[in-house]
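Breakdown of the fold
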Amino acid sequence: GQNIDQPTEMTATEGAIVQINCTYQTSGFNGLFWYQQHAGEAPTFLSYNVLDGLEEKGRFSSFLSRSKGYSYLLLKELQMKDSASYLCAVPPSGNTPLVFGKGTRLSVIA
Amino acid sequence: DVKVTQSSRYLVKRTGEKVFLECVQDMDHENMFWYRQDPGLGLRLIYFSYDVKMKEKGDIPEGYSVSREKKERFSLILESASTNQTSMYLCASSFSLEDPASYEQYFGPGTRLTVT
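Calculation notes
Residues numbered from 1 in each chain as written. Chains lettered and ligands numbered in written order. Predicted model: local features only at pLDDT ≥ 70, side-chain atom pairs only at ≥ 80, totals over all residues. Heavy atoms only, no water. Pairing = 2+ DSSP bridges. Helix = DSSP H or I, 4+ residues; strand = E, 2+ residues; numbered from the N terminus. Axes fitted to C-alpha atoms, helices over the stretch in contact; angles between N-to-C directions. Disulfide = S-S within 2.5 Å. Buried < 20%, exposed > 50% of the residue type's maximum accessible area, 1.4 Å probe, protein only. Patch = residues over 30% accessible without salt bridge, like charges linked within 9 Å, V, L, I, M, F, W, Y side chains within 5 Å. Areas by Shrake-Rupley, 256 points an atom, 1.4 Å probe, with all protein chains shown as cover. Salt bridge = Lys/Arg side-chain N within 4 Å of Asp/Glu carboxyl O. Lys, Arg positive; Asp, Glu negative; His and termini not counted. Charge placed at Lys NZ, Arg CZ, Asp CG, Glu CD. Contact = heavy atoms within 4.5 Å. Buried area = accessible area lost by both parts, 1.4 Å probe. Polar contact = N/O pair within 3.5 Å; in protein donor to acceptor, adjacent residues only side chain to side chain. Nonpolar A, V, L, I, M, F, W, Y, C, P; charged D, E, K, R; others polar.

Glancing now at the sheet that holds strand E3 (residues 18-25) of chain A. Residue and element names in this part refer to chain A. Ordered by their spatial adjacency, 5 strands build an open sheet running E1-E3-E8-E7-E6, and the pairing between neighbours is antiparallel. Edge positions in the sheet fall to strand E1 (3-5) and strand E6 (53-57), since each of these pairs with one other strand and no more. Taking the axes of each pair of neighbouring strands and ignoring which way they run, one obtains an average angle of 15° across the sheet. The sheet contact formed by E6 and strand E7 (residues 60-65) spans 5 bridges and is antiparallel. For glutamate 56, the partnering residue across the bridge sits in E7 and is serine 61.

The subject of this paragraph is the sheet that holds strand E1 (residues 4-6) of chain B. Residue and element names in this part refer to chain B. Read from one edge to the other, the open sheet built from 4 strands follows the order E1-E3-E8-E7, with strand pairing classed as antiparallel. Single-partner strands in this sheet number two, and they are E1 and strand E7 (64-70). Strand after strand, the sheet turns through a mean of 20° between neighbouring axes, direction not considered. By the bridge criterion, 3 bridges tie E1 to strand E3 (residues 19-25) in an arrangement that is antiparallel. Looking at E3, one finds that threonine 5 is bridged to valine 24.

The next point concerns the state of the cysteines. Applying the stated rule across the entire model yields 2 disulfides over all chains. For Cys22(A), the disulfide goes to Cys88(A), at an S-S distance of 1.9 Å. Between Cys22(A) and Cys88(A), the S-S dihedral sits near 60°, and the bridge is therefore right-handed. One end of the pair, Cys22(A), is in strand E3; the other, Cys88(A), is in strand E9 (residues 84-90), with 66 residues separating them in the sequence. For the pair formed by Cys22(A) and Cys88(A), the shared burial category is buried. Across a sulfur-sulfur distance of 1.9 Å, Cys23(B) and Cys91(B) are joined as a disulfide pair. Between Cys23(B) and Cys91(B), the S-S dihedral sits near -75°, and the bridge is therefore left-handed. Taken together, the positions of Cys23(B) in strand E3 and Cys91(B) in strand E9 (residues 87-94) put the pair 68 residues apart, joining distant regions of the chain. Like Cys23(B), the residue Cys91(B) is buried in the burial classification.

All names here are of chain B. On the surface, a cluster of negative charge is contributed by Glu30, Asp51, Glu98 and Asp99. Locating glutamate 98 in the fold gives a position in the loop between E9 and strand E10 (106-107). With relative accessibility at 70%, the residue glutamate 98 sits in the exposed group.

So, on to the pairing of E7(B). Residues and elements named next belong to chain B. Bridge analysis of E7 against strand E8 (residues 73-78) gives 5 bridges, and the strand direction is antiparallel. If you follow valine 66 over to E8, its bridge partner there is leucine 76. Connecting the antiparallel pair E7 and E8 is a turn made up of 2 residues.

Opposite the 19 residues of chain A that make contact, chain B presents 22 residues. Carbon and sulfur atoms make up 62% of the area that chain A and chain B hide from each other, which totals about 1,600 Å². At the junction of chain A and chain B, the tally comes to 0 salt bridges. Connecting chain A to chain B are 4 residue pairs in polar contact (both at pLDDT 80 or more). Breaking the side of chain A that touches chain B down by element, the ones donating at least two residues are strand E4 (32-37) and strand E5 (44-49) of chain A. The leading source of residues in the side of chain A that touches chain B is E4(A), at 3 residues. When its residues are assigned to classes, the side of chain A that touches chain B shows 12 nonpolar, 6 polar and 1 charged.

Here it is in C-alpha cells:
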C-alpha cells in the first residue's frame, strides 16, 4: 500500500523561503507529483520528479530522494498569492490512480 | 490546454434525491476520476475509469455509482443523497496509466454539493 505524510499547516512571511516536506512509503515508485490548490479551486500541477535531485522552475523547486522516500517543495520570494494547499502525490505501481497526501496549507503573512 | 469541465459549481439537493454530477474533458484522455474532498481528509477517490464502459471502485465507492458511455464524459451518480455526502466533488482526467510520465491528472473546477 501507500502512505504519504505532509505537515498539516505552515505559516511563512512574504518574501521569505519555505520548504514543504513530504515523506512517502510505496510498494513501487514511479515518481512524485506536487500540486497547488487555492481555497475553493481545483488542484493544479506544479512538478513531477522521477530522478533524485533538485528541479528548479522559477520561484518553485522540487527535490526528491528515492532512497529516503522523501521530497520537498521549496518556494522562494514568497508572495501572498502563494497562500494555498500543497499536495504531494505518488503513482503506485500498476494501473492505478495517483495517491494524494492530505496536503499542507500554507499561509503567507505580511 | 486541457480542459475539464463540471456541470455545476454549486448544487443544493434534498436528502433522498438522485443526483447526477457530470464531467467532460476535451483532450481525448483515457482515464477519468471522481474524488471528494473534505477538510482534514484530503482527496479521496470514489471511482475511476480507464476506458469507455469500464469502471473501478476507489477508496470510498459506497453510496455512489458512475457511468462512462463516451470517452470524454464521466458521470457520478448519488442514488439517494444523504447529508454525509455534502462535500466538494472533483473530477479529473489523465492521458494514460501505463506511462508514469502520463499520470499527471488535470482537474475540473469542482462541484460543491450540499445535501439538506
